[in-house]
Amino acid sequence: MLGSKFVLSFRVFLLITFLLQALGSEKVWADTVFSKKGVVASRSSLASAVGAKIMEQGGNAIDAAVASGFALAVTYPSAGNLGGGGFMVIRLADGQIITNDHREKAPLSATKDMYLDDNKEIIKGLSTRSHLASGVPGTVAGLIDVLEKFGTMPLAKVIQPAIDLAKDGFILPEDIARQLESRTKDFSPYRASMEVFTKAGEPHKSGELFLQTDLSRTLMRIRQLGKKGFYEGETAELIVQEMKRGGGLISKEDLLAYESVWREPIWGSYRGFEIASMPPPSSGGVLLVQMLNMLENFDIAGLGFGAPGTAHAMIEAQRRAYADRSEYLGDSDFYPVPIEKLIDKDYAKERFNDFEVGKAGFSEATGPGLLAKESLETAHLSIIDNLGNAVAYTTTLNLSYGSKIVVDGAGFLLNNEMDDFSAKENEPNWFGLVGRKANAIEPEKRMLSSMTPTIVLKDGEPFLVTGSPGGSTIITTTLQVILNVIDHGMNLSDAVASPRFHHQWRPDRVIHEETAFTTQTKNELLQMGHRNVNIHPGYYGGGIGDANSVMKLPDGYVGVSDPRNAGGAKGVREN
Ligand code: DON
């Protein structure tokens, strides 16, 4: 455990056991670590260890985030990536907070109706399971830009652990072996995917050494040439050849034109805490702040965790925020997203004018808010160091193992992020999310995301760093971790482990983990008129979300990996 103290409390242990029993799993996975010098929590304990070690060697949280980001592409291939994209919220020791958007972009030759047939119906699977599913990858540009601007170490140093893990291999953990086994059929149409993720067609077994030679070569080209090692030369050539092989759109011009974008965070406040989160092209920050604004008007602490009144207010906040998402959220470089209005506290009050205590709303009757016209498998990583730097980073290929297509010769998977666009107005995407013009496909536009990497500040200092995968459930997962800490006074382990629920306006239903509601709460919600309140496995691993988080304590930092999955938290060794 890298010298850090293991502080899993008995209460948390009970909670986790309860939760995992409920989810039908025999495994109990959880990591809670403490260090005075800094901590990393991510979906891969190997990637967390890489980040902690970089800090032990004198790097700051930004160096560590970039090192862990590259390592995740090797050790957690279903979501960690070179062929996908992500968002990073960065807090610097001098107090500045900035975000890096390295979301994928629609290729130059993408068109609004590219996933529709002649009858304007969606062609099933085209935006998720084909070479056409991939947006232009952003991760390599983003990680390098972040390192160059705010890191203290050279790229060669922070990328080396990832190279070593790919070249020399690592012992395949059980959870990933299981994932690979269950995906063999999905990989089977693609030679390179089979080469990387199977042994001549047979699944890799847990406990075996897992080598990724082509991936190590790609990483070495990046080490040598920086962004050019990916967006130009041999790697670019291999991507374009892969596109030609399967009728995809990404061209050399697309790759050359890709740039990460620095954006101001979305700012909010909640009961005296400041919230800094991701702006469009993610909907995460806007919706998180919107929901917090709505809920600030309720005595959530007084009502209590899991109480019918709390759940009712949260569901109604979620219904209204996701209704707005469908209409107004998209890439703000292409569409005038009315951000200021959406995150305004008075707007949140207006939006709750029709709220009734003890009575559920109807999504059919809850349209997007009336706004003035003029303005108009992911992985989350949280890092904090003892210098005042903190990083919330969510990265993704979209669905687990993205498009399932490995670039032949380059050893990395391509994303299927194009499914996050609204392929047709009001038609649900894979996560059931609907959208319209704001999120329609346009060349070079970024598809709308729900990723919500978030830093909560207390008295101006980083306090809680959180976020999650889980598609549409990301934003409500992040919301619940924050409420658990701020309103319910939970320690971080409890806040992350506590069971969750989710509503997203359409479909008009409440999905929940088995232990999220007592029978009494559920009955009361049904009596209020909430429809379709059902247990759901979530869109990610063993439950709703995977909120690997870190938090400041009076005497140091605590890191927690979500017990729903086999991630890991690592503390920086104290001596
Ligand atoms: O950006 C988004 O919102 C999605 N592509 C994230 C996908 C995700 O979280 C996958 N995990 N279930």
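Every residue gets a number counted from 1 within its own chain, in the order that chain's sequence is written. Reporting in this predicted model follows two pLDDT cut-offs: at least 70 for local features of residues, and 80 or more for side-chain atom pairs to be given and counted; totals over whole chains, interfaces and linings ignore these cut-offs and use all residues. Side-chain measures here rest on the full set of heavy atoms in the structure, leaving out hydrogens and waters.

Caption draft 1: Molecular detail of the site of the ligand. For this description, a residue counts as near a given molecule or strand if any of its non-hydrogen atoms is within 4 Å of it. The immediate surroundings of the ligand are formed by 17 residues, with Thr-378, Glu-417, Asp-420, Ser-449 and Tyr-539 found nearest. N or O atoms closer than or at 3.5 Å make up a polar contact, with two conditions inside protein: a donor-capable atom paired with an acceptor-capable one, and, for residues adjacent in sequence, both atoms drawn from side chains. Within the side chain of Ser-449, a nitrogen or oxygen atom sits 2.7 Å from an oxygen atom of the ligand. Put simply, Ala, Val, Leu, Ile, Met, Phe, Trp, Tyr, Cys and Pro go in the nonpolar bin, Asp, Glu, Lys and Arg in the charged bin, and everything else, Gly too, in the polar bin. Looking at side-chain class alone, the shell around the ligand contains 6 nonpolar, 7 polar and 4 charged residues.

Caption draft 2: Summary view of unusual backbone geometry. Going from Pro-280 to Pro-281, the amide bond is cis rather than trans, its omega being 15 degrees. Within the fold, Pro-281 resides in the loop between β12 (273-277) and α12 (284-295). Put simply, Arg-506 and Pro-507 share a cis peptide bond, and its omega is -5 degrees. To qualify as a helix, a DSSP run of H or I must reach at least 4 residues; to qualify as a strand, a run of E must reach at least 2; elements of each kind are numbered from the N terminus. Within the secondary structure layout, Pro-507 lies in the loop between β17 (501-502) and β18 (510-512). Not every positive phi belongs to a glycine, and Asn-426 is a case in point at roughly 65 degrees.

Caption draft 3: Geometry of the sheet that holds strand β13 (residues 379-385). Should DSSP find at least two bridges between two strands, the strands are taken to pair. The strand order β10-β5-β4-β14-β13-β3-β22 describes an open sheet built from 7 strands, whose pairing is antiparallel. Both edges of this open sheet fall to β10 (261-263) and β22 (568-571), since each of them pairs with a single strand only. Each adjacent strand pair in this sheet contributes to an overall mean axis angle of 15 degrees, direction not counted. Summarising the sheet, strand β3 (residues 38-42) and β13 pair through 4 bridges and their orientation is antiparallel. Every angle, taken between N-to-C directions, lies between 0 and 180 degrees, and every axis is a line fitted to C-alpha atoms, over only the stretch in contact when it is a helix.

Caption draft 4: Inspection of the pattern of salt bridges at higher detail. Salt bridge, as used here, is a side-chain nitrogen of Lys or Arg placed within 4 Å of a carboxyl oxygen of Asp or Glu. Taken as a whole and judged by the stated rule, the model has 38 salt bridges. Of the charged contacts in the structure, one is a salt bridge between Arg-573 and Glu-56, with a shortest N-O distance of 3.5 Å. You can call Arg-573 partly exposed: its relative accessible area is 38%. Note on exposure labels: buried denotes an accessible area under 20% of the residue type's maximum, exposed denotes more than 50%, and partly exposed covers the range between, all computed with a 1.4 Å probe on protein chains only. The exposure class assigned to Glu-56 is partly exposed, which follows from its relative accessible area of 27%. We note a salt bridge from Glu-316 to Arg-320, for which the minimum N-O separation is 2.8 Å. Here Glu-316 and its partner Arg-320 are both found in helix α14 (residues 308-328), 4 residues apart, which amounts to about one turn of the helix.

Caption draft 5: Region of interest: the packing of α12 against helix α17 (residues 473-486). Look at α12 against α17: their axes get within 10 Å of each other, and the N-to-C directions meet at 45 degrees. Judged on the interaxial angle alone, α17 and α12 are oblique. Along this stretch, α12 crosses α17, giving a crossing that reads as right-handed. Contacts between α12 and α17 involve Gly-284, Leu-287, Leu-288, Met-291, Leu-292 and Leu-295 from the former and Ile-475, Thr-476, Thr-478, Leu-479, Ile-482 and Leu-483 from the latter. Tallied by class, residues from the contact of α12 with α17 come to 9 nonpolar, 3 polar and no charged. When an angle is under 35 degrees it counts as roughly parallel; over 145 it counts as roughly antiparallel; between 65 and 115 it counts as roughly perpendicular; any other value is oblique. We call a crossing left-handed when the near helix sits turned anticlockwise from the far one by less than a right angle, and right-handed when that turn is clockwise. Any two residues having at least one pair of non-hydrogen atoms within 4.5 Å are treated as being in contact.

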